[in-house]
Structures are given as C-alpha cells and as structure tokens.
Amino acid sequence: MIIDAKHPSGWQWWIALIVSCLVVVIAGWRLAMATNSAGRGDLPPPPAEAPATSDGQARSGSAPHSGLDVSTGRSTDQAYGWTTHAAVQAESEEKGPGRPRRLVVPRLGLEMPIKAVTIDPEGAMALPPRPREIGWYAYGPRPGGPGGSAVLGGHVDSRQYGVGPLVVLERLRRGDDIIVTTDAGTERFRVITVELISKQGLDVRRVFDRDGAPKLRIITCGGTYRRSQGGYQANVVVTALPR
C-alpha cells in the first residue's frame, strides 16, 4: 500500500492535530509561568513608607517647625509649635495683670498683636498661622504676673504669608526694652539674654517654667534652615525680667 504524504490518512491527521494542541498548551503554560515569575522577582519592591510627623503631615502655610517632648527634651518633628507642660485651665480673670494684647520692642521698631493660644491636638503650643501675630501661652502665667515664665511664641516666616517681624528678634541686646500692652495697662521688661539654641538642646521645662521669679520669654525659629531635616535647626529664645 502506498501512503500519499501530501494527503495523510484520517488517523495521521488526528495525531497531528492532537500534537499541535499539546504544543500550544505547553507554550502558553510556560509563557504564563515566566510572566508570573517576572512580576514577583524582576520588578523593584515598593518603596518603604516615609516616617510620619507627629501630626501625620506638615501643616500648610508655614515652614516646618520642630517641637519638643516636654518629658524627654527631645525633638518630636512637631510641625507647628513647642510641646509644653500638661494643659491646665488659664488663670482666673480676676487674678494678676491683664491679658496681653500687643508686643512692642522700641529699638527694633517691632510691633505685633498678641493672640491668646493654648495647645494643638498633639499637645504642642498652637502658634498663630500668620507670622505678623505672636501667641501668648494662655495656660501659663501672664506677662507681669507674680511668678514663672510668661511665654510668647510665633513663626519667623511662612510659605503662605512671607517673613514676619520676629525675623529681627535675635538682634535684641541685653538691656533692651520690651513692652507688653495688656487690657489693663502696660508691662515693661528688660532683656537679660538672647540665645540661639539647637532644637535638641532647648530645655522646654525651663522655657515654660511656672515657678521662680517672674520673667518673659519670647521664642521663634532661627539658625540654619534645612528642608531635608525638618526646617529650622534652632530656636531664638529671649529672656527678659520686669523693669
């Protein structure tokens, strides 16, 4: 019997069809396995999550500001203010001097409205967002009170609002006058120290001291600004005593 190669018989045709199907299935399986393997091993791993700041994000409208944990004195990368003593109610309206309204430094031509502030949700001193305003920590002593540190603090600048008056704070000199106008009169102080202190070196317990002789402290950010390291690397701290 002669077999015509150009016209295979029925059984040969079925064998060729089955072999062809097997070849297609195996090739598809190998391609799928190769694709899956590349997806697991050849692609770069997802990036690690960036560490969050203490409030989860930098607040808009202000340059980053580092805060401090009052219990340890270490930086907390706080974006807004300075961590303070545990919050307590403000002084009674009937006690002590009036509530501060305006800060004046005659030699520098500095004048700023004072806004009463307390704490933000993270337990830090909540600073006014506008650098042209300065905050008074209303859970502490008032300027001119009988004892402890009355604390004023504000931003030196802001991406949204620009540079504020506190940019000249470090130009203060020993003996300079500071005037705080209150809703009951005027309190006068004389500067005794002007310090540039690193964020890690700032003693928050001393700054917000509620005991000892009465004094006024004014704080803003200063030193080198390094965006990659959270902003300003130091604080300008002015300490003044009543005249």
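Values in this document were obtained by computation on a predicted structure and should not be read as measured data. (Residues numbered from 1 in each chain as written. Predicted model: local features only at pLDDT ≥ 70, side-chain atom pairs only at ≥ 80, totals over all residues. Heavy atoms only, no water.)

Quick look at the overall build of the protein chain now. Regarding its fold elements, the protein chain presents 2 helices and 10 strands. When each of the 243 residues of the protein chain is scored for burial, the buried share is 40%. When contacts within the protein chain are restricted to residue pairs at least 6 apart in sequence, long-range pairs at least 24 apart make up 62% of them. Only carbon and sulfur atoms are counted for the fraction: they give 56% of the accessible area of the protein chain, which is about 13,900 Å². (Helix = DSSP H or I, 4+ residues; strand = E, 2+ residues; numbered from the N terminus. Buried < 20%, exposed > 50% of the residue type's maximum accessible area, 1.4 Å probe, protein only. Contact = heavy atoms within 4.5 Å. Areas by Shrake-Rupley, 256 points an atom, 1.4 Å probe, with all protein chains shown as cover.)

What follows deals with the pairing of strand E2 (residues 110–117). With 4 bridges connecting them, strand E1 (residues 100–105) and E2 associate as antiparallel partners. Within the sheet, the bridge partner assigned to Val104 lies in E2 and is Glu111. Counted between consecutive antiparallel strands, the loop separating E1 from E2 contains 4 residues, among which Gly109 sits at a positive phi close to 65°. Across 4 bridges, E2 lies against strand E3 (residues 134–137) in parallel orientation. Directly across from Ile114, in E3, lies its bridge partner Ile134. (Pairing = 2+ DSSP bridges.)

Attention now moves to the pattern of salt bridges. Across all of its chains, the model carries 5 salt bridges by this definition. In this structure, Arg101 and Asp183 form a salt bridge, with 3.3 Å as the shortest nitrogen-oxygen distance. One end of the pair, Arg101, is in strand E1; the other, Asp183, is in the loop between strand E7 (177–182) and strand E8 (185–198), and 82 residues separate them in sequence. Assessed through its relative accessible area of 44%, Arg101 is described here as partly exposed. For the salt bridge of Arg102 with Glu111, the shortest nitrogen-to-oxygen distance reads 3.4 Å. (Salt bridge = Lys/Arg side-chain N within 4 Å of Asp/Glu carboxyl O.)

The biggest cluster of nonpolar side chains holds 23 residues, and the ones touching the most others in it are Leu103, Ile134, Leu152, Ile178, Leu216, Ile218 and Val238. Sorting the residues of this core by element identifies E1, E2, E3, strand E4 (149–153), E7, E8, strand E9 (215–226) and strand E10 (231–242) as the ones contributing at least two each. Ranked by size, the runner-up nonpolar core spans 13 residues in total, among them Val117, Leu127, Val207 and Phe208. (Core = buried A, V, L, I, M, F, W, Y, C linked by side-chain atoms within 4.5 Å.)

The next thing to look at is the sheet that holds E10. Pairing between the strands of a sheet is mediated by backbone hydrogen bonds and can be parallel or antiparallel. Taken together, 8 strands build a closed barrel; the order of strands is E1-E2-E3-E4-E9-E10-E8-E7 and the barrel is mixed. Within this sheet the neighbouring strands show an average axis-to-axis angle of 35°, counted without direction. The sheet contact formed by E1 and E7 spans 4 bridges and is antiparallel. Along E7, the bridge assignment pairs Pro100 with Thr182. (Axes fitted to C-alpha atoms, helices over the stretch in contact; angles between N-to-C directions.)

The predicted model of the protein chain has a mean per-residue pLDDT of 74, with 61% of residues at 70 or higher. Segment residues 31–80: pLDDT under 50, and 91 contacts once partners within four positions in sequence are set aside and those in other chains are kept. (pLDDT = per-residue confidence, 0-100.)

Turning our eyes to something else, we now look at the environment of Pro129. Mapped onto the secondary structure, Pro129 falls in the loop between E2 and E3. A relative accessible area of 45% places Pro129 in the partly exposed class. Note: C-alpha distance between Pro129 and His155 (26 residues apart in sequence) is 7.4 Å.

Right, let's talk about the packing of aromatic side chains for a bit. Under the defined criterion, the tally for this structure stands at 3 aromatic pairs. Measuring from ring centre to ring centre gives 6.0 Å for Tyr137 and Tyr139, while their planes differ by 75°; the resulting arrangement is edge-to-face. Aromatic pair Tyr225 and Tyr232: ring centres 4.9 Å apart, planes at 70°, arrangement edge-to-face. Clustering of aromatic rings is evident, with ring pairs tying together Tyr137, Tyr139 and Phe208. (Phe/Tyr/Trp six-rings, centres within 6.5 Å; stacked < 30°, edge-to-face > 60°.)

Examined against the element boundaries, Val151 turns out to sit in strand E4. Each C-alpha atom of the pair Val151 and Arg217 lies 4.9 Å from the other, and the pair is 66 residues apart in sequence. Apart from residues no more than four positions distant in its own chain, Val151 is found in contact with Met125, Gly135, Trp136, Tyr137, Val207, Phe208, Arg217 and Ile219.

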